[in-house]
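# Notes for the structure review
Here's the letter readout for the chains.
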Amino acid sequence: MTHRRIPLQLAVWLTVLLAVVGWGAGQHPAVRSTEPFALTEVTVIDGTGAPPRPSQTVLVANGRIAAIDEARTWTPPEQVRVIRGRGRYLIPGLWDMHVHLSMGDPSLLPVFLAHGVTAVRDLGGDFPTVRAWQQEIAAGTRIGPRIYTAGRILESPRFLEILARLAGALEPPFRDRINAIRTERIPVSDAEQVERAVRDLAQQGATCIKFRMNTTPEIFHAIVTAANRVGLPVAGHSPQGVSLAEAAAAGQKSFEHVLTGPEEATLPLAEIDRFADALQQNRSYLVPTLVTFHTSRLLAPKLMDERLNALSQPRKSRSRSLPEPLVEAWRLQRRLDQFEPPQDWAAVYRGAVERLRHLHRAGALFLAGTDFGARFIYPGSSLHEELERLVVEIGLTPGEALQTATRNAAQFFREEQRLGTIEVGKLADLVLLEANPLDDIRNTRRIAAVIAAGVYYNRAALERLSARTPSRQSNLDFFRPGRGIYRWRAYVPSPPPTAGTAFDPEIALDHTCSVGTTDTAPLDSHGNRQFLRRSGTCGLHCRFTRTVASAAARRR
């Protein structure tokens, strides 16, 4: 038998041709090619916590990882397409564990893939629509991430009554959107209603159960009991009338937006310790959605309004192609701000971060979620910001942060035998990076290729997938310096916010916090000022940009 290697350019060209057919707006059919291909000379970061393995060859066949071998001793079988990845890093596909897909439209599904997000957990919305997308992606007739969905949210009837009164006080289209939200939730006021709702959701294809607000402790326990009976994990907000420790002990599997409410952010550390013990004993997870808190609570009202106004001016907007349903949802969220009582959200966030850091030190497990659908949260790109915030603000190592969006996510769904790590026999959901994410978690953004369900997308293909919606510049993104001298500045509150106000990002002060940098900080290998350290509490209110020094300063 003769063995031959296909030239790299031809291999990539053939891969894209076979994998992607058609680029019409909103729908991109995928061809599931059975032809195997190999990524060779890559460093494998498998997601298990094991050290990186350099110079590996990963063989993908029939949508699965068929083999992992040392590149120097591996000989490709005949007809295997070889894609060389020297200097690149292979990680498991990323999961966004808190999204609301139906707040957008199907044109955004490929955008998740373009940012390396190969799976999502949809936590409530238009269930028939999301279920249809899920089935089309699984069948290969639509490009997008694997979808795990909770279906309709279990909700307190009292809250739905409040929504009805709110709808009556608003004008169209806000009134229509709130009424639509009401139909996407299931009111449950007794154990019988809970049992029926959970059973119906399971029969309709839900892969987890989501509750937002319970009226009594009895309703909460009924939800967990019913979900256990049908074998589905429970995700939810912090329950009413039940402590966090009791909720974890009872079987709530993930806690959404955890500790970011005013009352929870002031819980005594002794209560946090009890919560940490219960989380570990029951293998439950924390989903803080830090990026959403920043965009919804800490962003200055003036800046929110400017961003929303820009969405109606396509030529001036970075998000010029966002679907109108998503933009309307963001406008509604901003409109509802007027009904909220004043709150010192900066103080709330400081308390939340302190307690989340405490839980991390105690060994609690996290999941990365963005709450896509919330204002200024973008498909795919916001997940990378969430990973960065988990490192910068909560203190996770880059490896731990990576696991929140890979191994931990698969374990939540008991899918660790199929997904979440790079191991032989598992489904081929992978991301090829230009740089090591364990050195700097921001490197998860430097995507060279994505493999989704065994289909390979190179950089050019990913750019076409993401052309529908340009990603927002992250609040923590750094810029590569060009010519001249660059000065790094941070936007921080000055004076500190008081109750009822948000910090003003227009006030720029030199950044002097414990993990900050100055304009004399050394450059990293990519030409960025070094900022990230593995300790400190920076990031609570900081947004970085660059300013170019004057011509006189450059001459100096």
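Here's a quick rundown of the structure. (Residues numbered from 1 in each chain as written. Predicted model: local features only at pLDDT ≥ 70, side-chain atom pairs only at ≥ 80, totals over all residues. Heavy atoms only, no water.)

### Topic: the overall build of the protein
On a plain count of helices and strands, the protein comes out with 18 helices and 21 strands. Considering only residue pairs separated by 6 or more positions, the protein has 73% of its internal contacts joining residues 24 or more positions apart. (Helix = DSSP H or I, 4+ residues; strand = E, 2+ residues; numbered from the N terminus. Contact = heavy atoms within 4.5 Å.)

### Side note on the pairing of strand 5 (residues 89-92)
By the bridge criterion, two bridges tie strand 1 (residues 37-44) to strand 5 in an arrangement that is parallel. In the strand pairing of strand 5, Val44 is matched with Leu90. Bridge count for strand 5 against strand 16 (residues 430-433) is four bridges, and the pairing is antiparallel. Each residue of the ladder has a partner; that of Leu90, found in strand 16, is Leu432. (Pairing = 2+ DSSP bridges.)

### Here's the deal with the sheet that holds strand 6 (residues 94-99)
Taken together, three strands build an open sheet; the order of strands is 6-7-8 and the sheet is parallel. Here the strands that pair on one side only, and so sit at the sheet edges, are strand 6 and strand 8 (146-149). With strand direction ignored, the average angle separating the axes of adjacent strands in the sheet is 20°. As defined by bridge partners, strand 6 adjoins strand 7 (residues 117-122) across four bridges and the pair is classed as parallel. Bridging across to strand 7, Asp96 finds its partner in Val120. Where helix 3 (residues 127-139) meets the sheet, it contacts strand 7 and strand 8, and its direction lies at approximately 145° from that of strand 8. (Axes fitted to C-alpha atoms, helices over the stretch in contact; angles between N-to-C directions.)

### Looking at the packing of helix 13 (residues 345-361) against helix 14 (residues 381-394)
As a packed pair, helix 13 and helix 14 sit with axes 10 Å apart at the nearest point and diverge in direction by 90°. Looking at the two axes, helix 13 sits roughly perpendicular to helix 14. Where helix 13 abuts helix 14, its residues Tyr349, Val353, Leu356, Arg357 and His360 lie against Val392, Glu393 and Ile394. Here the residues of the contact of helix 13 with helix 14 are counted per class, giving five nonpolar, one polar and two charged. (Parallel < 35°, antiparallel > 145°, perpendicular 65-115°, else oblique. Nonpolar A, V, L, I, M, F, W, Y, C, P; charged D, E, K, R; others polar.)

### Some points on the pattern of salt bridges
Within this structure, the stated rule accounts for 27 salt bridges. Two residues, Arg142 and Glu136, come together in a salt bridge whose shortest N-O distance is 2.7 Å. Look at Arg142 and you get buried, because its relative accessible area is 9%. (Salt bridge = Lys/Arg side-chain N within 4 Å of Asp/Glu carboxyl O. Buried < 20%, exposed > 50% of the residue type's maximum accessible area, 1.4 Å probe, protein only.)

### Side note on the environment of Thr404
Turning to its location among the elements, Thr404 is positioned in helix 15 (residues 398-404). Judged by relative accessible area, which is 1%, Thr404 ranks as buried. Along the backbone, Thr404 and Val287 are 117 residues apart, and their C-alpha atoms lie at a distance of 9.2 Å. Thr404 has contacts with Phe366, Leu367, Ala368, Leu387, Leu390, Leu396 and Ala409, leaving out every residue within four places of it along the chain.

### A closer look at the packing of aromatic side chains
Following the criterion strictly, the structure yields 13 aromatic pairs and no others. Pairing Trp330 with Tyr378 gives two aromatic rings, centres 5.5 Å apart and planes at 70°, and the pair type is edge-to-face. Here the residue Trp330 occupies a position in helix 12 (residues 324-336), and Tyr378 occupies one in the loop between strand 15 (365-366) and helix 14, the gap between them amounting to 48 residues. The buried category is assigned to Trp330, whose relative accessible area is 0%. Here the aromatic rings of Phe412 and Phe413 are separated by 4.9 Å at their centres, their planes lie at 90°, and the arrangement is edge-to-face. (Phe/Tyr/Trp six-rings, centres within 6.5 Å; stacked < 30°, edge-to-face > 60°.)

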